[in-house]
Amino acid sequence: MTLLALGFFGGVVLTAVAVLIPGRLLSIPETRADINDGDINDGDTPDGDTPDSDAGTPEQATMLDGLPQVHPAIVLVLGAIAVAALPRKFGPWLFVVVSALAGLATLGLVDGTTWHYDFYGFDLTPLRVDGLSLAFAYVFAIALLAGGIFGMATMGTLERTSALVYAASAFGVVFAGDVVTLFFFWELKVSASTLLVFARRTAASSAAALRYLFVNLAGGIVLLAGIVWWVIDTGSVAFGNFGLNGGATILILIGFCVAAAAVPLHAWMPDAYPASTIAGTVFLAAFTSKAAVYALARGFPGTSVADLGGCGHGAVRRGVRPQRQRHPPGAGVFIGVARWLHAGRHRGGHRDGTQWCGGPCVRPHCVQGSVAHGRRCGAVVHRPQPPHPARWFGPRHAVGGWAVPSGGGVDRVRSPVQRLRHQGDGHPGHRGGRVPHRLLASQAGQCGDVVRGGVPPAVVHLVRQAGCRRQHQRQHQHQHHGIATGAAVLTRKVTPSMYVAMGALAVVNIAIGIAPNLVYDVLPFAVDYSPFKTYRVVNAVALAAGAAVAFWLVRRWLAGRPVRVVDTDWVYRDLPRHLAPAVGRLRMPEVHMKLPTAPGTPVWASTLWVSGAVVIVTFVVVLAIGVTS
Amino acid sequence: MLLAVVATPLVAALLIAVSGRRPNVREAWTLIAAATTLALVVTLFVDLLNNGSAPTWNLVELAPGLELRLRVDDVGMLFAVSASALWLATSVYSIGYVRGTDETHQTRYFTAFALCVAATMGLAFSANFFTFFIFYELLTAATWPLVVHKQTPEALAAGRRYLRYLLGGGAALLLALVITQVVAPGQDFVIGGYLDGLISNNGVIAIVVLITLGFGTKAAIMPLHKWLPGAMVAPTPVSSLLHAVAVVKAGVFGFVRLFGFVIGPELLAEVGMGVVVATLAGITIVVASVIAFRQDNLKKRLAYSTIAHLSFIILGVSLLSAESWNGALLYIANHAVLKITLFFCAGAIYVTTHKTKVSELDGIGRRMPITMAAFGVAALGLAGVPPVGGWVSKWFLGMGTVGADQPVLAVVVLGSGLLTAGYLLPIVYRAFFRTSPEFTTMGEAKPMMLLPIVATATAALALGLGDVFRLDVLTSAVSALVVGGMP
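In this text, all values refer to a predicted model and were calculated from it rather than measured experimentally.

1. Overview of the overall build of chain A
At step 1: Within chain A, the secondary structure is distributed over 25 helices and five strands.
At step 2: In chain A, which comprises 629 residues, the proportion classed as buried is 64%.
At step 3: Counted over contacts in chain A with a minimum sequence separation of 6, partners at least 24 positions apart contribute 83%.

Structure, rendered in structure tokens:
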């Protein structure tokens, strides 16, 4: 009860913070009105001219008047230095304090503010505050604070330091007003986040971290190439609407898509995230893909070709393909409510697909949906995933690798977690319920794109729900029939700080579900959307029913099987191993990908790389179509 | 003051030689000379920035048209600032190193070191090709005692190879000098070159081939690179000197001088030799990087890394665009700081643990966290990852290659970062995320070695955050003047 009370109290505090945010934004109606006209780039012209505000801070009243305007990244980097330098015992609270200060710094930023910095002859804008950047920054601030509380008992100094730098880089990305700053923080993000994966200090996590590092560095190189090309072509370094209209912008889009884990560039994500530390996974899920979603929304609004990846991602991630259980048995502990089956493979999977499906659409609803979906960061705290699906079915009271006091823990946290799970799948009455619906409405009604004819978003949604239900079934099956395979991994208890973080965010989520304006008022566009209208509820129920039917029809194929998913995983994991002998005896065995040795892996699986090639070719073709059209 | 910049290390060499029996006094002369040289160079630098002051000094006229002259200019100042600052760091580090390893012939070592720096300062401020050639060859001679310092058969063999390659290159350079002296006797360096209209295209091609052979040996462009990995037998501070402070940088600086101040970009573009040299540099980048993957010896891996990264500078200079020139010139400083950090770390590891192989470094981060963190910073910088300095050069070089419509070279420049990360970052991974029973307790190198490591790593970070050392003021101005008018 104490813990729940703490969680409730924390939730009330976070809700209060959330209430403050729209209050301060409401003080600048003229800016929002401008945005409502349809350009999310606050005055940026399509050819990338600098924002209208040359410098300085507009005279606007805020709820936090009197606070100096400080870039949250500065607070976080200084905090990281302090965490690294001070004795470890100060780390937990210092992290939380620094996170809170970064949150305050975010609240103190005034829409329209820009900072300028001369960097080797370039006039850079390391801070550009507008509605879109603020919306994502609030998400990051909440996720960072919650993640910090969540990991108070588990994080080490390396984790805390790298998490703070990582968060700083994410803030840096969303406040970057130019492409040089964007690239700077983009790459810093990669370095810092890699340390979060390394910090687990197992052989598997180190291998995954190296793969993560090199894939994202490669993505960064593609991004750099695109940026450099674009700067040469346009003569501007402003970060605005690139528009998909040439080789440079294609490279930029691909660079963003790598970080967004868009199909077919996604293989790193389900590899690295589960390999990270307990709290590290929370931060990874909160920042990397969300920052990429922001970049897509900022750089490619109205680019319909990106929808394919989003919808396709959703389809693939929800069990249309057989799943490969790639993580070796006994790969480590896991936390939270581990029976949430899709967490491991699908964190940042279909959800991020949905986000950036919405992000690139031009209409306000799309961007709104994307930003609102980013608010799911909180939900991640509730579902940090286990590393191996087989471990998810432990004894009744097992919560992954965390032993819950008999008869207690699971039941205590189940309710908000299951509630969140429903939210994530878009059930009405919950926070997530509105997001896919709004995205779907926007896409179906307003976005002319290549996807609409081929993969109707509603179908994707349907399949998603079908996948969920399958997992629900398995969850309950194992829970109630006691298929106990995970007893050996029970190692530690869920800590009070975890309960506090989870409970607090559950309250926030429910509060947002009940009062959606808490989110709507933060979004860069004015919202005229009510999730509780009869037809929307009926629509949601219809989708749920359709999902049930779909599930029943395809249930045979939804069960996990120990085979390899052969999309681009072949390129990601196997190709380097095949290339290495050709190049020479490269002394880098850590980077070479080890294939799972799951029993029963069919021989034919190794030949399925053709399908991966097909996916890539399809992606390229669609991209080309999008460009030419 | 200009003469004092060259004279200070020379005088120091003399004082060091006569103080051999009193090591503390000898090392004091080294430190005083390094600090004085840096102070003099910084004074000239500030004067150049604020007042545009470019003093000259006529040393001696050997014959009509053969005059030894010194002159301050932007690009020479860039080289001098980098070399003098790093000489101070290397001096402090060397004292810790030679005492830690109990090296023999320490007086000869420090004397030769000071002579090398004197030659480097003369090279930086040479006003004409003749003066440049003289100091270039003096540098070769002064470095040889350092290469063979250990006097082992392996070291002597490396010394012989060093002389064969560099004196051979010097011979080619001498031919190029003769041609330019015949065409324009006694001509000082001129921004944008002075040979246009004075020489046929075939003559230009001949000069480019000769200076590629001449400077290419010191710059270790493939296939003229063999002496460099062999010279790794020398003590680590010498490797730092070779790779970061003076020797190899003298080679790439020669390309800068000859392409930008003798031949000129327009003439070079007219005969099409710029692209040829750039292609050669691009091939060197890729091949040397791949070879670096295969080196288990840490210093040899770093040596091949140097071979690859020097070619970035040659490639940038050869592309003849303002951006690529700016990137190349900035990379002279960036690479110097980054590579010297890596060699310092390699030396600290050797002195502390006597490990020389990458495969022996598992878990060493627990014992030497500061050293290996600095190694990680420098490795990221060489890979072109922000926030460490190298990424700025990579940015400009990328702009140069893309702007010059050279997509293949753009892929090489930008993609090579991945190769660099591939052969350097796993070392950091081994150090921090693998374990070994050998390294369980913390034990860094002596402060005399650790301090320069921290200083150079910090400088590398600072270079990535902005033009804190005002180097871009020099490089962008030179780039604009030299190739700004190019189409």
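Now that the structure is up, let's keep going.
2. Some details on the overall build of chain B
At step 1: From N to C terminus, chain B includes 20 helices and two strands.
At step 2: Taken over 487 residues, chain B has a buried fraction of 65%.
At step 3: Here the analysis covers contacts within chain B between residues at least 6 apart in sequence; of these, 81% occur between residues at least 24 apart.
At step 4: About 15200 Å² of surface is accessible on chain B, with carbon and sulfur atoms providing 65% of the total.

3. What to know about the nonpolar core
At step 1: Membership of the largest hydrophobic core comes to 295 residues, with the highest contact counts inside it found for A:Phe256, A:Phe283, B:Met77, B:Ile263, B:Trp325 and B:Trp395.
At step 2: Here this core gets 19 residues from one element, more than from any other, and that element is helix α14 (residues 322-353) of chain B.
At step 3: With residues near it in sequence (within four places) discarded, A:Phe283 still touches A:Phe95, A:Ala143, A:Leu144, A:Gly147, A:Gly148, A:Met155, A:Ala163, A:Tyr166 and A:Leu196.

4. Points about unusual backbone geometry
Residue and element names in this part refer to chain B.
At step 1: Backbone torsion omega between Met222 and Pro223 reads 10°, so that peptide bond is classified as cis.
At step 2: Mapping Pro223 onto the fold places it in the loop between α7 (201-218) and α8 (227-230).
At step 3: A cis amide bond links Pro386 with the next residue in sequence, Pro387, at an omega value of 10°.
At step 4: Relative to the helices and strands, Pro387 is located in the loop between α16 (369-382) and α17 (390-403).

5. As for helix α12 (residues 273-293) of chain B
All names here are of chain B.
At step 1: With 21 residues, α12 extends 31 Å between its outermost C-alpha atoms, agreeing within 8% with the 30 Å of an ideal straight helix rising 1.5 Å per residue.
At step 2: When we look at burial in α12, the residues that qualify are Met273, Gly274, Val277, Ala278, Ala281, Gly282, Thr284, Ile285, Ala288, Ser289, Ala292 and Phe293.
At step 3: On the buried face of α12, the contacting elements are α7, α10 (247-263), α11 (265-271), α13 (298-319) and α18 (407-433).

6. Brief notes about the interface of chain A and chain B
At step 1: Facing 36 residues of chain A, the contacting portion of chain B comprises 39 residues.
At step 2: Each partner contributes to the roughly 3400 Å² buried at the junction of chain A and chain B, and carbon and sulfur atoms together form 77% of this total.
At step 3: At the surface where chain A touches chain B, the tally comes to zero salt bridges.
At step 4: Taken together, the elements giving at least two residues each to the side of chain A that touches chain B come down to β1 (114-119), α7 (179-198) and α8 (203-234) of chain A.
At step 5: Ranked by the residues each element gives to the side of chain A that touches chain B, the list is headed by α8(A), at 14 residues.
At step 6: Taken together, the residues of the side of chain A that touches chain B sort by class into 28 nonpolar, three polar and five charged.

7. Thoughts on the environment of B:Glu103
Residues and elements named next belong to chain B.
At step 1: One can find Glu103 in the loop between α3 (74-101) and α4 (106-124).
At step 2: Overall, the relative accessible area of 13% leaves Glu103 in the buried class.
At step 3: Remark: the alpha-carbon pair of Glu103 and Lys150, spanning 47 residues in sequence, is separated by 8.2 Å.
At step 4: Not counting the four nearest positions on each side in its chain, Glu103 is found in contact with Tyr97, Val98, His149, Lys150 and Pro235.

8. A few points about the side chain of B:Thr306
At step 1: Residue position: B:Thr306 is located in helix α13.
At step 2: When neighbours within four sequence positions are excluded, B:Thr306 is seen to be in contact with B:Leu228, B:His243, B:Val248, B:His335, B:Lys339 and B:Phe343.

9. Remarks on the pattern of salt bridges
All names here are of chain B.
At step 1: Per the counting criterion, the structure on display carries eight salt bridges over all chains.
At step 2: Glu27 serves as the salt-bridge partner of Arg99, at 2.9 Å between the closest nitrogen and oxygen. Highlighted residues: Arg99 in helix α3 and Glu27 in helix α2 (residues 23-51), separated in sequence by 72 residues.
At step 3: Taking relative accessible area as the criterion, Arg99 reaches 36% and is therefore assigned partly exposed.
At step 4: Of the residues examined, Glu27 reaches a relative accessible area of 3% and is grouped as buried.

10. Things to note about the packing of α3(B) against α4(B)
Residues and elements named next belong to chain B.
At step 1: Between α3 and α4, whose axes approach to 9 Å, the crossing angle comes to 175°. Between α3 and α4, the interaxial angle falls into the category roughly antiparallel. For the pair α3 and α4, the contacting residues are Gly76, Phe79, Ala80, Ala83, Ser84, Trp87, Thr90, Ser94, Ile95, Val98 and Arg99 in the first and Gln106, Tyr109, Phe110, Phe113, Ala114, Val117, Thr120, Met121, Leu123 and Ala124 in the second.
At step 2: Its residues placed into classes, the contact of α3 with α4 shows 14 nonpolar, six polar and one charged.

11. What about the packing of aromatic side chains?
Residue and element names in this part refer to chain B.
At step 1: Taken as a whole, this structure holds 40 aromatic pairs over all chains when the rule is applied.
At step 2: Ring geometry for Phe132 versus Phe215: centroids 5.7 Å apart, planes at 90°, classification edge-to-face. Of this pair, Phe132 sits in helix α5 (residues 129-147) while Phe215 sits in helix α7; the two residues are 83 residues apart in sequence, bridging distant segments of the chain. Taken individually, Phe132 and Phe215 each receive the classification buried, so the pair is uniform in this respect.
At step 3: Each member of the aromatic cluster is reached from another via a ring pair, and the members are Phe79, Phe132, Tyr136, Phe189, Phe215, Phe253, Phe255, Phe259 and Phe261.
At step 4: The side chain of Arg257 reaches across the aromatic face of Phe261, ending 5.0 Å from its centre.

12. A closer look at the side chain of B:Asp467
At step 1: Along the polypeptide, B:Asp467 turns up in the loop between α19 (447-465) and α20 (471-483).
At step 2: With no salt bridge to any partner, buried B:Asp467 finds its closest opposite charge in B:Arg470, at an N-O distance of 5.0 Å.
At step 3: There is a polar contact of 2.8 Å between the side chain of B:Asp467 and the backbone nitrogen of B:Leu471.
At step 4: Discounting chain neighbours no more than four positions away, the residues touching B:Asp467 are A:Tyr120, B:Asp472 and B:Val473.

13. Notes on a positive patch on the surface
All names here are of chain B.
At step 1: A cluster of basic residues, Arg160, Arg161, Arg164, Lys226 and Lys300, forms a positive patch on the protein surface.
At step 2: The biggest single contributor to the positive patch is helix α6 (residues 153-183), with three residues.
At step 3: Tracing the backbone shows Arg161 in helix α6.
At step 4: On the basis of relative accessibility, which here comes to 33%, the residue Arg161 falls in the partly exposed class.

14. Regarding a nonpolar patch on the surface
All names here are of chain A.
At step 1: Taken together, Val549, Trp552, Leu553, Val554 and Trp557 make up a surface patch of nonpolar side chains, about 550 Å² in accessible area.
At step 2: Structurally, Val554 can be placed in helix α23 (residues 534-558).
At step 3: Residue Val554 is classed as partly exposed on the basis of its relative accessible area, which comes to 32%.

15. Describing the pairing of strand β2 (residues 122-128) of chain A
Residues and elements named next belong to chain A.
At step 1: Where burial is concerned, most of β2 is hidden: six out of the seven residues are buried.
At step 2: Examined bridge by bridge, β1 and β2 share five bridges and lie antiparallel to one another. Looking at β2, one finds that Thr114 is bridged to Arg128.
At step 3: Remark: two residues form the turn of the hairpin made by β1 and β2, two consecutive strands paired antiparallel; Tyr120 in that turn has positive phi of roughly 50°.

16. A closer look at helix α21 (residues 496-514) of chain A
At step 1: Taking 1.5 Å per residue as the helical rise, α21(A) with its 19 residues ought to reach 27 Å, and the 27 Å between its terminal C-alpha atoms agrees with that figure.
At step 2: Across the 19 residues of α21(A), 15 count as buried, placing the element largely inside the fold.

Conventions adopted
Residues numbered from 1 in each chain as written. Chains lettered and ligands numbered in written order. Predicted model: local features only at pLDDT ≥ 70, side-chain atom pairs only at ≥ 80, totals over all residues. Heavy atoms only, no water. Helix = DSSP H or I, 4+ residues; strand = E, 2+ residues; numbered from the N terminus. Buried < 20%, exposed > 50% of the residue type's maximum accessible area, 1.4 Å probe, protein only. Contact = heavy atoms within 4.5 Å. Areas by Shrake-Rupley, 256 points an atom, 1.4 Å probe, with all protein chains shown as cover. Core = buried A, V, L, I, M, F, W, Y, C linked by side-chain atoms within 4.5 Å. Expected span 1.5 Å × (residues − 1). Buried area = accessible area lost by both parts, 1.4 Å probe. Salt bridge = Lys/Arg side-chain N within 4 Å of Asp/Glu carboxyl O. Nonpolar A, V, L, I, M, F, W, Y, C, P; charged D, E, K, R; others polar. Axes fitted to C-alpha atoms, helices over the stretch in contact; angles between N-to-C directions. Parallel < 35°, antiparallel > 145°, perpendicular 65-115°, else oblique. Phe/Tyr/Trp six-rings, centres within 6.5 Å; stacked < 30°, edge-to-face > 60°. Lys NZ or Arg CZ within 6 Å of the ring centre and 35° of its normal. Lys, Arg positive; Asp, Glu negative; His and termini not counted. Polar contact = N/O pair within 3.5 Å; in protein donor to acceptor, adjacent residues only side chain to side chain. Patch = residues over 30% accessible without salt bridge, like charges linked within 9 Å, V, L, I, M, F, W, Y side chains within 5 Å. Charge placed at Lys NZ, Arg CZ, Asp CG, Glu CD. Pairing = 2+ DSSP bridges.

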